[in-house]
Amino acid sequence: MLKYTKDHEWLRMDGDVATVGITPYAQEKLGDLVYVELPKVGTTFTAGAAAATVESVKAASEVYAPVGGEIVAVNDKVVAEPGLVNAQPTGDGWLFRMKVGNAAEVNALLDELAYKVLTE
Amino acid sequence: MSEAESNVALRHTPLHAMHLRLGARMVPFAGYDMPVQYVPGVLKEHLHTRSAAGLFDVSHMGQIALRARSGRVEDAARALEALVPADVLGLGIGRQRYTLFTNDAGGVLDDLMVSNRGDHLLLVVNAARKASDEAHLRERLSERCTVEPLTERALVALQGPRAEEVLSALVPDVRAMRFMDVRAMAVMGEPCVISRSGYTGEDGFEIGIAAPAAEALCETLLRHAAVAPIGLGARDSLRLEAGLCLYGCDLDETTTPVEAALEWTIPAVRRTGGARAGGFAGAETILQQLAHGAPRRRVGLRPEGRAPVRCGAELYAAEGDPAALGRVTSGGFGVSLNAPIAMAYVPTAHSTTDTRLYAEVRGKRLPILVFPMPFVPTRYKRSPA
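Residues numbered from 1 in each chain as written. Chains lettered and ligands numbered in written order. Predicted model: local features only at pLDDT ≥ 70, side-chain atom pairs only at ≥ 80, totals over all residues.

Draft legend 1. Seen up close, the overall build of chain B. When you go through chain B residue by residue, the secondary structure sums to 9 helices and 19 strands. Relative to the compact-globule value of 21 Å for 385 residues, chain B shows a C-alpha radius of gyration of 21 Å, a close match. With respect to the principal axes defined by its C-alpha atoms, chain B has extents near 65 × 50 × 45 Å. For chain B, with 385 residues in total, the buried portion stands at 47%. In chain B, of all internal contacts separated by at least 6 residues, the share reaching a separation of at least 24 is 67%. (Helix = DSSP H or I, 4+ residues; strand = E, 2+ residues; numbered from the N terminus. Rg over C-alpha atoms; globule rule 2.2 N^0.38 Å. Buried ≥ 20, exposed ≤ 12 C-beta atoms within 10 Å, placed from the backbone. Contact = placed C-beta atoms within 7 Å.)

Draft legend 2. Quick peek at the interface of chain B and chain A. With 14 residues of chain B in contact, the opposing surface of chain A contributes 11 residues. Secondary-structure elements contributing two or more residues to the side of chain B that touches chain A are helix H3 (42-51), helix H8 (232-241) and strand E16 (326-334) of chain B. Across the side of chain B that touches chain A, the residue classes break down as 6 nonpolar, 5 polar and 3 charged. (Nonpolar A, V, L, I, M, F, W, Y, C, P; charged D, E, K, R; others polar.)

Draft legend 3. Molecular detail of unusual backbone geometry. Residue and element names in this part refer to chain B. A cis amide bond, omega 0°, links Met373 with the succeeding residue Pro374. Positioned with a positive phi, Met180 is a non-glycine residue whose angle comes to about 75°. Inspection of the secondary structure assignment puts Met180 in the loop between helix H6 (163-168) and strand E10 (182-187). Here Asn338, not a glycine, exhibits a phi torsion of approximately 55°, which is positive. Mapped onto the fold, Asn338 is located in the loop between E16 and strand E17 (339-347).

Draft legend 4. Structural detail: the nonpolar core. Residue and element names in this part refer to chain B. In this structure, Leu80, Val156 and Leu158 are the most contacted members of the largest nonpolar core, which totals 128 residues. Counting contributing residues per domain, this core is built from domain 1 (1-293) and domain 2 (295-375), each supplying no fewer than three. Among residues more than four places away in sequence, those in contact with Leu80 are Leu66, Val88, Val114 and Leu121. (Core = buried A, V, L, I, M, F, W, Y, C linked by C-beta atoms within 7 Å. Domains from an automatic or database assignment.)

Draft legend 5. Molecular detail of the sheet that holds E10(B). Residue and element names in this part refer to chain B. Strand order in this open sheet of 6 strands is E10-E11-E12-E9-E3-E13, and the pairing throughout is mixed. Among the strands making up the open sheet, the edge pair consists of E10 and strand E13 (227-229). Sheet twist, expressed as the mean angle between neighbouring strand axes with direction ignored, is 30°. When strand E9 (residues 153-159) meets strand E12 (residues 204-210), the two strands line up antiparallel, connected through 7 bridges. By the bridge assignment, Leu158 is partnered in E12 with Phe205. Sheet strands touched by H3: strand E3 (53-57), E9 and E13. Its angle to E3, the strand with the most contacts, is close to 120°. Against the sheet, helix H7 (residues 211-223) contacts E3, E9, E10, strand E11 (190-195), E12 and E13, and its axis sits at roughly 20° relative to E9. (Pairing = 2+ DSSP bridges. Axes fitted to C-alpha atoms, helices over the stretch in contact; angles between N-to-C directions.)

Draft legend 6. Highlighting the pairing of strand E6 (residues 108-116) of chain B. Residues and elements named next belong to chain B. Most of E6 sits inside the fold, with 9 of its 9 residues counted as buried. Sheet analysis places strand E5 (residues 96-102) next to E6, joined by 7 bridges and oriented antiparallel. By the bridge assignment for E6, Thr102 is matched with Val108. Counted along the chain from E5 to the antiparallel partner E6, the turn is 5 residues long, and its residue Gly106 has a positive phi close to 95°. Alignment of E6 against strand E7 (residues 121-125), held across 5 bridges, turns out to be antiparallel. Each residue of the ladder has a partner; that of Asn116, found in E7, is Leu121. Between E6 and E7, which pair antiparallel in sequence order, lie 4 residues; one of them, Gly118, sits at a positive phi of approximately 95°.

Draft legend 7. Spotlight on the sheet that holds strand E7 (residues 60-64) of chain A. Residue and element names in this part refer to chain A. Within the open sheet, the 3 strands sit side by side as E4-E6-E7. Their pairing is antiparallel. Since the sheet does not close on itself, it has two edges, and those belong to strand E4 (33-37) and E7, each with one partner. On average, each strand axis in the sheet is tilted by 25° relative to the strand beside it, whichever way the strands run. One ladder, built from 5 bridges, connects strand E6 (residues 50-56) with E7; its direction is antiparallel. Across the sheet, the residue bridging to Ala50 is Tyr64, located in E7.

Functional significance is not addressed by these values, which are geometric in nature.
Now the structure itself:
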């Protein structure tokens, strides 16, 4: 079950670790990505803080931490091959994993239906 | 693009319906609703243009006929020389040249193409500047010339290594044209003005055609397997790789032709000591800078890392310097180079190739090298086959 933000990140929980990426809608709007910048493992972000950057030929976009927490892993594959984010945004194109501080923040995110309504 | 811009009524080019049918993503650009990309996207469109042929709708640009009231094209050329630092009088019939409208301070009002059509001059100017260019021409030249915007004409560009093969299947005579030639030719029975030029660094053509006939021409071109429609996104990345300026970013009313590294557009005949030296707006400043240099210069830049450095990024001589020495005016990703590239204005002392500067991106100082332009070799066809 994915959760979503209004800024077009998705989040998938596994225990207290959240995997985060950008939504299929976001990658389609951004177009072909050519550069991905990820945070350092160990960095802590509050919900809504800029945690990563994805860039297309035309523009740079911030990716915000959907919830507060500490970065525990980043996906080096998308740094080497940014197009993976376009090809599999909710799969191999994930960006980072964070240890969630407050589970209530996850519950407050959009569910699939609410996000679908947002993007239609 | 801003919200405000998207709220005003956008104009349509004669090819608007075709863009929608082709699945383009439309954006506001210079007051027009224009395709930024089609289904394949910017990366594929860029590479397609470099490897085959790309079709661009550039009908938003201004096409202006400048005619001398005397009827003699040389009188129109002589008049236009008061506004541009080019040798217009020496422009042969059927030839085109790149030049600049300058202001009285030596800044650039617009960049344009001018061609000698035999009985008049044809100017192609930027979409965002066409209204002010027309007003400028009328204000300065009305006594001697008429200024006619060709509003019922479309303009399409066919660019890339297979452009000649594609267009010559319809018009065999284009094979004989060389870079910057302009010819009136019938295409599918429709009178067109074809120039061998473009904005990608590739060989190619720009075709001026009556608006109602433009779509049929494009549909025919697109039926060729080598041709794909290309949006403004790839148009920008292609021109940046070719080292070509975008007005409003790399050129504006505060940049002089010398600062912009466009001295090559000013021939000896218009320089100090030439037969028609000066006599154009801003000549005093521009001739002085030609002789003694300008304080700053437009340069190409290549970031040492992978992060794109974009328009507006400040440049520093050293990683810890408090004061910026320059600013990026165009920046993005060179798709054919598979590396980020940029253009900037820097002090002339810092403008030599391989000078290392630092660009500030999201609070970090990233090393970036002054790099010769064009970033990719141009493939203009300078001599006929």
